4 protein chains.
Amino acid sequence: MAAAKPENLSLVVHGPGDLRLENYPIPEPGPNEVLLRMHSVGICGSDVHYWQHGRIGDFIVKKPMVLGHEASGTVVKVGSWSMCPFTAALPLLTFSSPGDRVAIEPGALREMDEFCKIGRYNLSPSIFFCATPPDDGNLCRFYKHNADFCYKLPDNVTFEEGALIEPLSVGIHACRRAGITLGNKVFVCGAGPIGLVTLIVAKAMGAAQVVVTDLSATRLSKAKEVGADFVLQISKESPKEIASKVEDLLGCKPEAGIYATRAGGTLVLVGLGSEMTTVPLVHAATGRWISRVFRYCNTWPMAISMLASKSVNVKPLVTHRFPLEKALEAFETSRKGLGLKVMLKCDPNDQNP
Amino acid sequence: MAAAKPENLSLVVHGPGDLRLENYPIPEPGPNEVLLRMHSVGICGSDVHYWQHGRIGDFIVKKPMVLGHEASGTVVKVGSWSMCPFTAALPLLTFSSPGDRVAIEPGALREMDEFCKIGRYNLSPSIFFCATPPDDGNLCRFYKHNADFCYKLPDNVTFEEGALIEPLSVGIHACRRAGITLGNKVFVCGAGPIGLVTLIVAKAMGAAQVVVTDLSATRLSKAKEVGADFVLQISKESPKEIASKVEDLLGCKPEAGIYATRAGGTLVLVGLGSEMTTVPLVHAATGRWISRVFRYCNTWPMAISMLASKSVNVKPLVTHRFPLEKALEAFETSRKGLGLKVMLKCDPNDQNP
Amino acid sequence: MAAAKPENLSLVVHGPGDLRLENYPIPEPGPNEVLLRMHSVGICGSDVHYWQHGRIGDFIVKKPMVLGHEASGTVVKVGSWSMCPFTAALPLLTFSSPGDRVAIEPGALREMDEFCKIGRYNLSPSIFFCATPPDDGNLCRFYKHNADFCYKLPDNVTFEEGALIEPLSVGIHACRRAGITLGNKVFVCGAGPIGLVTLIVAKAMGAAQVVVTDLSATRLSKAKEVGADFVLQISKESPKEIASKVEDLLGCKPEAGIYATRAGGTLVLVGLGSEMTTVPLVHAATGRWISRVFRYCNTWPMAISMLASKSVNVKPLVTHRFPLEKALEAFETSRKGLGLKVMLKCDPNDQNP
Amino acid sequence: MAAAKPENLSLVVHGPGDLRLENYPIPEPGPNEVLLRMHSVGICGSDVHYWQHGRIGDFIVKKPMVLGHEASGTVVKVGSWSMCPFTAALPLLTFSSPGDRVAIEPGALREMDEFCKIGRYNLSPSIFFCATPPDDGNLCRFYKHNADFCYKLPDNVTFEEGALIEPLSVGIHACRRAGITLGNKVFVCGAGPIGLVTLIVAKAMGAAQVVVTDLSATRLSKAKEVGADFVLQISKESPKEIASKVEDLLGCKPEAGIYATRAGGTLVLVGLGSEMTTVPLVHAATGRWISRVFRYCNTWPMAISMLASKSVNVKPLVTHRFPLEKALEAFETSRKGLGLKVMLKCDPNDQNP
Ligand SMILES: NC(=O)c1ccc[n+]([C@@H]2O[C@H](COP(=O)([O-])OP(=O)(O)OC[C@H]3O[C@@H](n4cnc5c(N)ncnc54)[C@H](O)[C@@H]3O)[C@@H](O)[C@H]2O)c1
Ligand SMILES: NC(=O)c1ccc[n+]([C@@H]2O[C@H](COP(=O)([O-])OP(=O)(O)OC[C@H]3O[C@@H](n4cnc5c(N)ncnc54)[C@H](O)[C@@H]3O)[C@@H](O)[C@H]2O)c1
Ligand SMILES: NC(=O)c1ccc[n+]([C@@H]2O[C@H](COP(=O)([O-])OP(=O)(O)OC[C@H]3O[C@@H](n4cnc5c(N)ncnc54)[C@H](O)[C@@H]3O)[C@@H](O)[C@H]2O)c1
Ligand SMILES: NC(=O)c1ccc[n+]([C@@H]2O[C@H](COP(=O)([O-])OP(=O)(O)OC[C@H]3O[C@@H](n4cnc5c(N)ncnc54)[C@H](O)[C@@H]3O)[C@@H](O)[C@H]2O)c1
Ligand SMILES: [Zn+2]
Ligand SMILES: [Zn+2]
Ligand SMILES: [Zn+2]
Ligand SMILES: [Zn+2]
């Protein structure tokens, strides 16, 4: 009963269907790293998928992996070696120091490769990415991360907003790629977390009208709540019928469309393109359609600005909260599709948003 | 005294200081033209300038010219010849018909030249432009215009909003050129009509924080009202001091800056660059600065979408209204810098916004 | 008998398989039009297709139509009404006058619609387009065309080069859309006229290495002649095998790829996308792939600059020449796929290139 | 006379006018670094400037500094610690190994800051930059550099071409920023090394006609040799007169203009903007003018592709060669403005290009 041992409760997936709360050692931050006390971590569809299937495509859980990648926390320690790794000349860790509240960008570069140099670091093949095998995530009490990818949160941005920057980033990246601009009429297919952040970002970029479709009335009412101009519940319509209904609502064909559904539906989905994905190219005739983006880059500073200035409001996305100890219950809730974003609270002393 | 003669009261500048309300004949719309019953026309700084000085740069009032170019009205007649002028084959005027409420884009192309072909028709040298010598404007009861440059207003957009699309377009064009995007920190110098529409558009495009400077406290309180995050009243500060105050307010250097002041001030101005304009290039180091745009193009459809969807609110810009008969009083008000946008109401039977 | 009647020999398609040389009246140029004595007109795959099948997709030959849209000639008369059609105020036809040698852009705008205003006039639905039903082409002795879409040729650019600007424009548009830039490694699939102009333009834009594939060894040797760094003759390889061979040749995956084959092959083709075109999206992972462009816009002035400065050489594309009187023989040659570009010489007094 | 001691002859500036050849120790490559045997190093105007004045603007030679930043060499050793500095997990130095011939990008990032993340690493304030105080350059026998910024040269690219990638990069960056594209008419002011690489790159990007101006007839004849369509020797003409002559040569106003002269001339220059630089903005009316770029980024891989494929030829730029031992004579030659690019040969066993 060595109760005094510092402990690090962590949510670990061991294989398909095998999810465990375990006690890990508290890691030691290395050069250019910070140790964080985790506060809020959202559950993503991919976390649930690793738990259910033990893999996503070629990414296979071969050894136990901590889940979680939508996260925020507080810096408790900075790496012992704070010199520049390249030249041992310049101190680096001026940006965050113990006590700082930070949002975590889960993808952290390991090398300055060609993708990094052109500003598309999300494509770097050697990137570290939380909760993508074999890299551990941050559904735990204490977690260390590359200091360059921890972003200080202003006082008026909550930890949960900080954690929501990760899905928000997918929406930012998709809308940037779709080239959303002032006065646009936009079609978002799917009202899950990703569809909703896409909607929120599209409105923030000046879209005049956004129509959101989904199978679920509950999700669509949430879409209304966070700003959809029109929602359209679909069931068995053909793509052509949906297209025609969307056109009726907007008064014209949408200028941009973003698919945020799961694969295998009537429409092509974001992020899971198979080798020969069938894209309804014909719809692209009069606008910009985006169906495939891979994560994001350069979104955290932008998202923090937007949250700090209240240009966007992502708080309504959180529908459930559980303490880390109840992670399995939380995952069960998420798996059942109840609510929208389930938030895990990792700090036993502060369970606030 | 043939009182029955249809009359067309028009505000005509004859030379410096010589502004008259005169009765013009009602024009006959030609091929591809529409005749409009004018409703609301805003007074622009350039209208006042033509009245005061009889010229702006090389544009000289050599013969009497009707003023006004921020305008909206109702179609009362379409041109007799509605065939395509190029091939006499296709009917053209399907877009607007008698009874339609329209906003007028004052620049109307006369030929399909190289600028038109690349989508920058505002640069076409032979363009017709309302109230730019020698072209007549639309501060009158009845006015005819190229039908391609009259845009139908939805029911929920007022005539005054329609008229305000012209200054709004300057703001849209400037913000597009400045590349404003999500989360940007923006500096707008000058809180006149153009500064304010720039602010409104920047916020609509996702700017996180906009700081607006002006000499006048009244104008800055209007800036606050329409969405400025910060305002800064200046008097005799050096550019360096202003730059440092702006940086303090934003917490960093602005990522984009737009000058909307009159020439000859401490900073460079929009639209009136002299041969060797001195631009504070050094400020450009970490961002995008835009100090010279020439009018606009492709803004009306976008602006109408934004107004219809209530993404922007330009109504607070209107501070004064006068019936057309009191145009001289209206111009005097504008000249004195009282209020912000003075609106002339040209339809004696409908003086509503 | 009445030999004095001025005549206008024209190549007319009446329906599938029904191609006739007929005598048409010489047209009279209307407002903003010029009458041209035709000189050189290239045969395009679409001309052959209309002759063979009487249609391309929804474009159906319902009444006799003159073929030909890759053309150049000499201005012999300008329209009687040379005032601006919109305002009857400005003379328009200053740009070309009798005696001018011009290249013809086959798509001529009929109205200043939304597509025209944004500089993408090729998308204008009411556009006139030579030899696309129901619009007549210019495989004839005399032809009238919108003066804004006739571009003066410098003395050092031949009529045939002028005619080749049309296919060259497809290459320019595709390369611009693919974003070809300095040092790029490019893959062009198909070595027909379109594949070859794409290759030529890609090299002119700074591509370091272009690999071209085709089934035909003859076409590939022409590709070598006009600048291909590598050619690859394919027969029954799978897309994966081709991709791997291309990668071997370039030393890396291509950064841009352009498909210029006919539909129904192993790869997707330019210009004929069906409703649910299958695109090998996975290849797009590390670059820009372009498989669907519709015609072109703003290419003639650019192409003329390039030809005049000898930055590109399209002359080797012409493999056969026939006088207009032998048009049926010429079409037969083209149909059999002998050679590459078959040129018809419409001026009996000047059959030079 | 310990002749056996390995020595590292280096060209060191101690202050204004004080340039010495000294024997430095051979450095030891650290983590993520490579040791290089230097081969060819070009003399840049800035090297001469540091020697003559001991400073450029705020960059002051406060302690002895090795000159040289246009360089290539051979890898002789890789850093002892080849693990990823961020995570101590992945081997990094797979890209270059002993024996590799490499070109050196003189600016090497020290941290993954915001500029790096957006792909504009040249703006990173903590960047290491060869021969910019206090960082040593590579005019020496042995030099160590960040391995991520050493680029392998193909066999058919010489060491001197490798060294010339540095000035070539300035031209690439300027042309990219100026948006040079197919068929452009370009004006380059100044026929020094930077003006000439700009010309070479502009042609490679598809410029139809480039006119180059300079005061010196010799330099202009070199401009002709490397591809200028027109050259214009100027002496006392006003900017207006020059503009008019340029327009006559091109047949129209240039679409892009790039200034590559020294400051204080009749026109504004690249790279040395003072606080309130006077830019002839009016010239910008019909095109893109670029007068201020800071170094470059993402140019080496592109330049190597272009050199390997013979798309550009920079060899004629080299007019003089000296062995490292004669560095002072070489600098004197460069200072006098004799020739164009003076190359120092640092490997006593291989003085070939
Ligand atoms: N690109 C990336 O980096 C990235 C990141 C996160 C998520 N994603 C992907 O984005 C997609 C959406 O993520 P999510 O978390 O919102 O998923 P989710 O499953 O919670 O939501 C998807 C929604 O789409 C709805 N839907 C299904 N078929 C539909 C149809 N035919 N029409 C309209 N709506 C339909 C569902 O009812 C559901 O509400 C997933 O495919 C996910 O893999 C991509
Ligand atoms: N580009 C175009 O097509 C276009 C169109 C319309 C107006 N303009 C130009 O835009 C500018 C602004 O137009 P407006 O109608 O808003 O003019 P305005 O005169 O009503 O407003 C200018 C404001 O700038 C303020 N100001 C002056 N000096 C200042 C300084 N140093 N710092 C901060 N504020 C200062 C003034 O107090 C005033 O409130 C004018 O120069 C006008 O010519 C350009
Ligand atoms: N977008 C437009 O506006 C536009 C304009 C003109 C032509 N096009 C289209 O461009 C395409 C090419 O035109 P073209 O005139 O060069 O046609 P073409 O038939 O003369 O040439 C096509 C070439 O592709 C080769 N080919 C066929 N299958 C192949 C494969 N699997 N791999 C490699 N090569 C293969 C053929 O051998 C042939 O040489 C056509 O589909 C045409 O409809 C589009
Ligand atoms: N942006 C960067 O990162 C960067 C890098 C290297 C050089 N530069 C700058 O580029 C400029 C050119 O560099 P360089 O090495 O070619 O210099 P250089 O001195 O060798 O060449 C400048 C040329 O301009 C000519 N010239 C001077 N006044 C002229 C005028 N009024 N009109 C026409 N020609 C005139 C001179 O005769 C000379 O041949 C310098 O200002 C340098 O500082 C910038
Ligand atoms: Zn996720
Ligand atoms: Zn105005
Ligand atoms: Zn064709
Ligand atoms: Zn240099």
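Looking at an unreviewed UniProt entry, chain A carries the name Sorbitol dehydrogenase, with the source organism given as Lynx canadensis. Quoted straight from UniProt, the Sequence similarities (unreviewed entry) entry for chain A says "Belongs to the zinc-containing alcohol dehydrogenase family." The Subunit (unreviewed entry) field of the UniProt record for chain A holds the comment "Homotetramer."

### What about the relation of the copies chain D and chain C?
Note on the identical chains: chain D maps onto chain C by a rotation of 180° and an axial translation of 0.1 Å, with an RMSD of 0.0 Å. The transformation just described matches what one would write down for a two-fold rotation axis. Among all residues of chain D, the one whose C-alpha sits closest to the rotation axis is methionine 205 of chain D, at a distance of 2.3 Å.

### A word on the coordination of the zinc ion (ligand 6)
All names here are of chain B. Cys44 (SG) and His69 (NE2) make up the full set of protein donors to the zinc ion (ligand 6), lying at 2.2 to 2.4 Å. Linking cysteine 44 in the loop between strand 3 (33–42) and helix 1 (45–53) with histidine 69 in the loop between strand 6 (65–66) and strand 7 (70–78), this pair joins segments that are 25 residues apart in sequence. Accessibility assignment for this pair places cysteine 44 and histidine 69 in one class, buried.

### Focus: the coordination of the zinc ion (ligand 8)
Protein ligation of the zinc ion (ligand 8) involves Cys44 of chain D (SG) and His69 of chain D (NE2), the donor distances falling in the range 2.2 to 2.4 Å. On the basis of relative accessible area, histidine 69 of chain D is assigned to the buried category, the value being 4%.

### Things to note about helix 3 (residues 159–178) of chain B
Residue and element names in this part refer to chain B. Over its 20 residues, helix 3 runs 29 Å from end to end, which matches the ideal 28 Å to within 8%, given 1.5 Å per residue. At glutamate 166, helix 3 is bent by approximately 40°, the largest bend along its length, and proline proline 167 sits one to four residues beyond. The positive-phi residue at the C-terminal boundary of helix 3 is glycine 179, with phi of around 65°.

### Concerning the interface of chain D and chain C
Of the residues lining the interface, 17 residues belong to chain D; the matching set on chain C comes to 17 residues. When the two sides are added together, the surface that chain D and chain C hide from each other amounts to roughly 1300 Å², 66% of it contributed by carbon and sulfur. The tally of links from chain D across to chain C stands at zero salt bridges. For the interface between chain D and chain C, the tally reads six residue pairs in polar contact (both at pLDDT 80 or more). Those elements that place two or more of their residues in the side of chain D that touches chain C are helix 4 (193–204) and helix 7 (300–308) of chain D. The residue inventory of the side of chain D that touches chain C, partitioned by class, reads nine nonpolar, six polar and two charged.

### Some words on the domain arrangement of chain A
Residues and elements named next belong to chain A. For chain A, the assigned domains are domain 1 (8–164 + 314–345) and domain 2 (174–292). On the domain 2 side, the residues contacting the nine residues of domain 1 number eleven residues. Of all residues in domain 1, the largest losses of buried area upon contact with domain 2 belong to Pro316, Leu317 and Leu340, amounting jointly to 60% of the total for that side. Summed over the shared surface of domain 1 and domain 2, the number is zero salt bridges.

### Focus on the pairing of strand 14 (residues 209–214) of chain D
Residue and element names in this part refer to chain D. Counting buried positions along strand 14 gives six out of six residues, so the element sits mostly inside the fold. With burial as the criterion, each face of strand 14 is covered, one bearing Gln209, Val211 and Thr213 and the other bearing Val210, Val212 and Asp214. Looking at chain direction, strand 13 (residues 185–189) and strand 14 are connected through five bridges and run parallel. When the bridges of strand 14 are listed, cysteine 189 appears paired with threonine 213. A crossover connection joins strand 13 to the parallel strand 14 through helix 4; in handedness this β-α-β unit is right-handed. As paired strands, strand 14 and strand 15 (residues 230–233) are joined by four bridges and run parallel to one another. In the sheet register, threonine 213 faces strand 15, and the bridge partner there is leucine 232. Note that the unit made of strand 14, helix 5 (residues 217–225) and strand 15 has a crossover that is right-handed.

### Quick notes on the pairing of strand 2 (residues 18–24) of chain D
Residues and elements named next belong to chain D. Bridge count for strand 1 (residues 8–15) against strand 2 is seven bridges, and the pairing is antiparallel. Residue pairing across strands places valine 13 opposite leucine 19, the latter belonging to strand 2. In textbook terms, the turn of a hairpin is the stretch between consecutive antiparallel strands, and for strand 1 and strand 2 this stretch comprises two residues, one of which, glycine 17, has a positive phi near 80°.

### Focus: the packing of helix 1 (residues 45–53) of chain A against helix 8 (residues 327–335) of chain A
Working note: a packed helix pair is described by the angle between its axes plus the distance between those axes. Residues and elements named next belong to chain A. At a closest axis distance of 10 Å, the pairing of helix 1 and helix 8 adopts a crossing angle of 100°. One finds that helix 1 runs roughly perpendicular with respect to helix 8. Between helix 1 and helix 8, the residues in contact are Asp47, Val48, Trp51 and Gln52 and Phe331, Glu332, Ser334 and Arg335, respectively.

### Considering the environment of arginine 110 of chain D
Residue and element names in this part refer to chain D. Tracing the backbone through its elements, the reader meets arginine 110 in the loop between strand 9 (107–108) and helix 2 (114–117). Through-space distance from the C-alpha of arginine 110 to that of serine 124 is 8.6 Å; in sequence the pair is 14 residues apart. Within the structure, the side chain of arginine 110 is placed 3.1 Å from the backbone oxygen of serine 126, a separation counted as a polar contact. In terms of polar contacts, arginine 110 uses its side chain to reach the side chain of aspartate 135, at 3.4 Å.

### Quick word on the sheet that holds strand 1 of chain D
Residue and element names in this part refer to chain D. One open sheet holds the three strands; their spatial order is 2-1-6, and the pairing between them is antiparallel. The open sheet has two edge strands with one neighbour each: strand 2 and strand 6 (65–66). Sitting on the sheet, helix 1 (residues 45–53) touches strand 1, strand 2 and strand 6, and the angle it makes with strand 1 is about 55°.

### Focus: helix 5 (residues 217–225) of chain B
Residue pairs three or four apart in sequence face the same way in an α-helix, which turns once every 3.6 residues. Residues and elements named next belong to chain B. Of all the positions in helix 5, only Leu220, Lys222 and Ala223 are classed as buried. All buried residues of helix 5 project into a common sector of 155° when viewed along the axis, lining one side. In helix 5, the exposed positions that point more than 90 degrees away from the buried face belong to Thr218 and Glu225. For helix 5, the secondary structure elements touched by its buried residues are helix 4 (193–204), strand 14 (209–214), strand 15 (230–233) and strand 18 (318–323).

### Description of the nonpolar core
Nonpolar side chains tend toward joint burial in soluble globular proteins. By size, the foremost hydrophobic cluster in this structure holds 181 residues, and its most contacted members are Phe331 of chain B together with Phe331 of chain C. If we ignore the near neighbours within four places in the chain, the residues touching phenylalanine 331 of chain C are Leu11, Leu19, Ile43, Asp47, Val48, Trp51, Leu67, Leu139 and Leu344 of chain C. Core analysis: the second largest hydrophobic core is formed by 180 residues, Tyr296 of chain A together with Phe149, Val170 and Ala178 of chain D among them.

### Observations regarding the sheet that holds strand 2 (residues 18–24) of chain A
Hydrogen bonding along the main chain pairs the strands of a sheet, whether they run parallel or antiparallel. Residue and element names in this part refer to chain A. What the three strands build is an open sheet, ordered 2-1-6; its pairing is antiparallel. Strands at the two margins of the open sheet, each flanked by one partner only, are strand 2 and strand 6 (65–66). Against the sheet, helix 1 contacts strand 1 (8–15), strand 2 and strand 6, and its axis sits at roughly 55° relative to strand 1. Running at roughly 150° to strand 2, helix 8 makes contact with strand 1 and strand 2 of the sheet.

### Details of the side chain of threonine 132 of chain C
All names here are of chain C. Here threonine 132 is to be found in the loop between strand 10 (128–129) and strand 11 (142–146). Threonine 132 gets classed as buried once you look at its relative accessible area, which sits at 10%. Excluding its chain neighbours within four sequence positions, the residues that come into contact with threonine 132 are Tyr50, Phe59, Met65 and Arg295.

### Here we look at the pattern of salt bridges
All names here are of chain D. Considering all chains together, one arrives at 56 salt bridges over all chains under this definition. The salt bridge involving glutamate 28 is made with lysine 77; its shortest N-O contact spans 2.4 Å. Here the residue glutamate 28 occupies a position in the loop between strand 2 and strand 3 (33–42), and lysine 77 occupies one in strand 7 (residues 70–78), the gap between them amounting to 49 residues. For lysine 77, a relative accessible area of 34% gives the class partly exposed. Notably, a salt bridge pairs lysine 345 with glutamate 160, separated by 2.6 Å at the nearest N-O pair.

### Describing the state of the cysteines
For the coordinates displayed, the defined rule picks out zero disulfides over all chains. Left unpaired, cysteine 175 of chain A is separated from the closest cysteine sulfur, that of cysteine 189 of chain A, by 14 Å. Here cysteine 140 of chain D is not disulfide-linked; the sulfur of cysteine 346 of chain D is the nearest cysteine sulfur, at 6.8 Å. Classification of cysteine 140 of chain D by relative accessible area gives buried; the value is 3%.

### A closer look at the packing of aromatic side chains
All names here are of chain C. Going through the model one piece at a time under the given rule, you end up with 16 aromatic pairs over all chains. Both rings, one in tyrosine 121 and one in phenylalanine 149, keep their centres 5.8 Å apart while their planes meet at 70°; by these two values the pair is edge-to-face. Here tyrosine 121, found in the loop between helix 2 (114–117) and strand 10, pairs with phenylalanine 149, found in the loop between strand 11 and strand 12 (150–152); they are 28 residues apart in sequence, far enough to count as distant. On the basis of relative accessibility, which here comes to 1%, the residue tyrosine 121 falls in the buried class.

### Focus: the side chain of serine 124 of chain A
On the secondary structure map, serine 124 of chain A appears in the loop between helix 2 (114–117) and strand 10 (128–129). Dropping the residues within four chain positions of it, serine 124 of chain A is found in contact with Leu109, Asp113 and Phe115 of chain A.

Definitions and cut-offs
Throughout, residues of each chain are indexed from 1 in the direction in which the sequence is written. Throughout, the order in which chains and ligands are written sets their labels, letters from A for the former and numbers from 1 for the latter. Two thresholds apply to this predicted model, a pLDDT of at least 70 for residue-level local features and 80 or more for giving and counting side-chain atom pairs, whereas whole-chain, interface and lining totals are computed over all residues. Hydrogen atoms and water are omitted, and side-chain values are computed over all heavy atoms in the structure. UniProt positions are given in the numbering used here, feature names are shortened, and annotations may be inferred rather than shown by experiment. Least-squares superposition of the copies uses the C-alpha atoms of those residues scoring a pLDDT of at least 70 in each of them. Coordinating donors are taken to be N, O and S atoms lying within 2.8 Å of the metal, or within 3.2 Å when the metal is Na, K or Ca; because water is excluded from the atom set, some sites may appear incomplete. Helix and strand assignments come from DSSP, with helices taken as H or I runs of at least 4 residues and strands as E runs of at least 2, each series counted from the N terminus. We call a residue buried when its accessible area falls under 20% of the maximum for its residue type, exposed when it is over 50%, and partly exposed in between, using a 1.4 Å probe and counting protein chains only. One fewer than the residue count of a helix, multiplied by 1.5 Å, yields its expected span. Each residue is assigned a bend, namely the angle between axes fitted to the seven residues that terminate at it and the seven residues that start at it. Pairs of residues are marked as contacts when any of their non-hydrogen atoms sit within 4.5 Å. Note: buried area is the sum, over both parts, of the accessible area (probe 1.4 Å) each one loses when the two are combined. For this analysis, a salt bridge means a side-chain nitrogen from Lys or Arg found within 4 Å of a carboxyl oxygen belonging to Asp or Glu. Side-chain atoms alone can form a polar contact between residues adjacent in sequence; in general such a contact is a pair of N or O atoms within 3.5 Å, and within protein one must be able to donate a hydrogen while the other accepts it. Residues were grouped as follows: Ala, Val, Leu, Ile, Met, Phe, Trp, Tyr, Cys and Pro as nonpolar; Asp, Glu, Lys and Arg as charged; and all remaining residues, including Gly, as polar. The start and end points of each domain follow an automatic or database-based domain assignment. One bridge is not enough; two strands pair if DSSP finds at least two bridges between them. The handedness rule is simple: strands pointing away from the viewer, and a clockwise path from the first strand over the helix to the second, make the crossover right-handed. Inter-axis angles, ranging from 0 to 180 degrees, are taken between N-to-C directions of lines fitted to C-alpha atoms, where helices are fitted over the stretch in contact. The scheme is simple: roughly parallel for angles under 35 degrees, roughly antiparallel for over 145, roughly perpendicular for 65 to 115, oblique for anything else. The arc in question is traced by the directions running from the helix axis to the C-beta atoms. Put simply, buried Ala, Val, Leu, Ile, Met, Phe, Trp, Tyr and Cys residues joined by side-chain atoms within 4.5 Å make one nonpolar core. Any two cysteine sulfur atoms within 2.5 Å of one another count as a disulfide. To pair, rings of Phe, Tyr and Trp, with the six-membered ring standing in for Trp, must have centres within 6.5 Å; the planes then decide the type, stacked if under 30 degrees apart, edge-to-face if over 60, and tilted in the middle.

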